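Structural characterization, general
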Amino acid sequence: MNSFSSYKVTASKWITIFDSPFYPDSLDEAKMLYEKVLERFIELVDEATNSANLLEIITNEPDPLRIQLLRVFRRYVSPDTTVEMTKKKRDIPTIINDFGDRFRSLEEVRKNLQSRPVPDETLMAFLLEQSKRGQKGYDLTEAFFLWFDRVFGKNYIIRGPVRAGKDVMLDKVLDNWEAQTPADIFISRLDGTP
């Protein structure tokens, strides 16, 4: 078996085994996914009375549009709040209370929107890239799981999220492991011993 260091000579062949799109080739996909979202965001900005009200209005939009609008809201109005934070509708009053004083004013949001081209290809490209940020890791993990099952599946079991999902909690799979420790991958013999 080769040592890990023996791969250094061919490292450039292993760094990224999955292709990445070139810019501006990805703009067609970005436009398809985000052009209507940005149009709707502009409409909602025109309806809103202030930035907090804009967030409240966005909260009433149907999924998955609401989540995409929250991503745009974060960029234009509140970089301090994450989309994860704003996903739960019941948490919106608390978020407005805790972060509202740092929201960009609606007047400034309107001015910034007017200064950008419609459609805003830069923002659409940025949103697309952000949406795919973990994709290569998921692809690599899936390829590893498939390879492992093919090569070692008769003698070993591999567990963990193949793409996205919950980690394996070591305190649930190991005897006498008291700490709640997440693991991406857990490999054991067929009898369950690690």
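This report concerns the structure included in the present document. Just so it is clear, the model here is predicted, and its values are computed rather than measured.

1. Examining the side chain of N53
Checked against the element boundaries, N53 lands in helix 3 (residues 51–59). Its relative accessible area of 19% is what places N53 among the buried residues. Those residues in contact with N53, other than ones at most four positions away along the chain, are E47 and A48.

2. Looking at the pattern of salt bridges
For the structure on display, the rule yields 12 salt bridges. The partner of D80 in a salt bridge is R102, with the nearest N and O atoms 2.9 Å apart. With D80 in the loop between helix 4 (65–76) and helix 5 (83–86) and R102 in the loop between helix 6 (92–99) and helix 7 (106–114), this residue pair connects regions lying 22 residues apart in the sequence. Each of R40, E43, E47 and E61 takes part in a single network of salt bridges with overlapping partners.

Each value, and the rule that gives it
- Residues numbered from 1 in each chain as written.
- Predicted model: local features only at pLDDT ≥ 70, side-chain atom pairs only at ≥ 80, totals over all residues.
- Heavy atoms only, no water.
- Helix = DSSP H or I, 4+ residues; strand = E, 2+ residues; numbered from the N terminus.
- Buried < 20%, exposed > 50% of the residue type's maximum accessible area, 1.4 Å probe, protein only.
- Contact = heavy atoms within 4.5 Å.
- Salt bridge = Lys/Arg side-chain N within 4 Å of Asp/Glu carboxyl O.

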